[in-house]
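Working through the structure, step by step
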Amino acid sequence: ASGEELLEVCWRRHFLRGGAEPRPALPWRAYLSGCHPGFGPLGVALRGNLAAQWWDSALAFREQVFAVDAPLHGPPAAGAPRAGQGFRLVHSETLGEALQGKGCSREPGGPSLEEVLGTAGMLRESLLPGALAQYVSCLELVNKRLPCGLAQIGVCFHSLPESEQLNRSLRRIGERTTSLLAWFSSPRTAGQWLDYWLRQRLQWWRKFAVGPSNFSSSDFQDEEGRRGFNLHYSFPWGTETIETLKNLGDTELLQMYPGDSSKLLGRDGRKNVIPHVLSVSGNLDRGVLAYLFDSLQLAENPLTKKKNSQRKVLKLHPCLAPLKVALDVGKGPTTELRQVCQGLFNELSENRISVWPGYLETMQVSLEQLYTKYDEMSVLFTVLITDATLENGVVQLRSRDTTMKEMMHISRLKDFLTKYVTSAKNV
């Protein structure tokens, strides 16, 4: 399946938001670079599920890993780049006054442009500084015992590559949802931990994939000779980095806490050491795009025998699928069937099973058209409530992955769906 076909499905089913109607003309490159209108409701839910799985994996070390948060912007930090570098947050009126001051009408005592930019808040380009700033206070929580870690998910900003700038003199910025695990370990075990996290992270990305081999890794060394790994996904046009692991040594930590380095000391057995920092930083937005490409499968369309009209199915992993079940009504008295659907919707929602209320749809379509729509939305199961349900409590359950239909008593649905997702998670 080509990227064009997937893009069409993602727009039509609200995984991605596009440009102007009737046909949004944004290419995949715009979504990869983080310069786009954002995800649609289903894309947001998919990213939310991916983030929830990430938290589960990061906090598996619950005794040693703490969730942290930090502002999107803050005052220029010690050793921050000059006023001409980085992303600054300036009120337009303040900027206007400073620019006017460049002319003859400048009021005495007004701010210069250099002063305005020098004191402006900085938009974060990485989660790492915010996490490192909380290292000392979190070290107290673990009684200074190493290793320990800090975890965070948040939005970061970046400058678009020159090739993607519309105007060379005006720099555009993109944004991305980033995951970070900052892992602090003794220098003697840092290399082993880097290899450990590489295995863990690669295994984690592959766990939710239809084609696990599309996720791969490569190693690198930076200018200072520090080791690291990039995790990639193979898109149709080539590989893109979705996560970077790096052994930063103690440089960033010492820069963050200049002067008294004794408060950085953690316990490694009987010795006190300044830890090495391992940064595990992922791009969850790109992760979403990777899984959308990974999940698209083409199947025969039962509605037509035409060659180019194959059924498109997004076979997202049960843990990641934005919607687990769709409820629809078949033949029978509409009001009563809808009441049954409403009760079932409430019961499943209360048990954190995401439901699509298809029974509210007023436009009549055939069942096959309905299944085609739900397959493109990656809905795991379609439940059909009919007059038989009113008589004996039996519903029809149709599976996205097998297209098989089976009859099931309505009282069993909740447990069946819960077990299905749980068992998929534990594979």
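Cut-offs applied
Residues numbered from 1 in each chain as written. Predicted model: local features only at pLDDT ≥ 70, side-chain atom pairs only at ≥ 80, totals over all residues. Heavy atoms only, no water. Pairing = 2+ DSSP bridges. Helix = DSSP H or I, 4+ residues; strand = E, 2+ residues; numbered from the N terminus. Contact = heavy atoms within 4.5 Å. Axes fitted to C-alpha atoms, helices over the stretch in contact; angles between N-to-C directions. 1 Å grid on protein atoms, 1.4 Å probe; cavity = no way out; pocket = protein on both sides within 12 Å on 5 of 7 lines; lining within 4 Å. Points joined across faces, edges and corners; volume = space filled by probe spheres on them. Core = buried A, V, L, I, M, F, W, Y, C linked by side-chain atoms within 4.5 Å. Buried < 20%, exposed > 50% of the residue type's maximum accessible area, 1.4 Å probe, protein only. pLDDT = per-residue confidence, 0-100.

1. Quick word on the sheet that holds strand β15 (residues 325–329)
Spatially, β16-β15-β17-β18-β19 is the arrangement adopted by the five strands of the open sheet, whose pairing is mixed. This sheet does not close on itself; its edge strands, each paired only once, are β16 (355–356) and β19 (405–409). Sheet topology note: the β15/β16 ladder contains two bridges and is parallel. Note that in β16 the partner of V325 across the bridge is V355. Strand contacts of helix α11 (residues 334–350): β15, β16 and β17 (381–385), with the helix running at about 165° to β15, the strand carrying the most contacts.

2. Observations regarding empty space enclosed by the protein
Following the criterion strictly, the structure yields one cavity of 30 Å³ or more and no others. Volume-wise, the largest cavity comes out at about 40 Å³. Lining the largest cavity we find Y31, L32, S33, G34, H36, H158, E175, R176, N283 and D285. Mapped onto the lining of the largest cavity, the elements with two or more residues apiece are α2 (28–33) and β6 (173–185). If you tally residues by element for the lining of the largest cavity, the top one is α2, at three residues.

3. Notes on the nonpolar core
L16, W28, W197, F215, Y291, V325 and V383 are the most contacted members of the largest nonpolar core, which totals 80 residues. The dominant element in this core, judged by the number of residues it contributes, is helix α8 (residues 190–207), at eight residues. Core analysis: the second largest hydrophobic core is formed by 24 residues, Y135, F184, Y257 and V273 among them.

4. Some remarks on the confidence of the model for the chain
In the predicted model, the chain carries a mean pLDDT of 88, and 88% of its residues have values of at least 70. Mean pLDDT per element in the chain: helix α5 (residues 113–119) is the minimum at 69, and strand β12 (residues 276–283) is the maximum at 98. Note on residues 78–84: pLDDT is under 50 here. Beyond four places in sequence and across chains, it has eight contacts.

5. With respect to unusual backbone geometry
Here the amide bond leading from L146 into P147 is cis, since omega sits at 0°, within 30 degrees of zero. Here P147 shows up in the loop between α7 (135–141) and β5 (148–159). Non-glycine residue H14 carries a positive phi angle of around 65°. Even without being glycine, T403 reaches a positive phi, approximately 60°. Its location among the elements puts T403 in the loop between β18 (394–399) and β19.

6. Here's the deal with the sheet that holds β5
The pairing of strands in a sheet comes from backbone hydrogen bonds and takes either a parallel or an antiparallel form. If you walk across this open sheet you meet the seven strands as β1-β5-β6-β12-β9-β8-β7, and the pairing is mixed. Where the open sheet ends on each side, the last strands, each with one partner, are β1 (65–67) and β7 (215–221). On average, each strand axis in the sheet is inclined to that of its neighbour by 25°, with strand direction left out of account. Pairing geometry for strand β9 (residues 238–249) and β12, over six bridges, is antiparallel. When the sheet's bridge partners are listed, G249 is paired in β12 with V277. Along the sheet, helix α10 (residues 284–295) makes contact with β5, β6, β7, β8 (227–235), β9 and β12, crossing β8 at roughly 40°.

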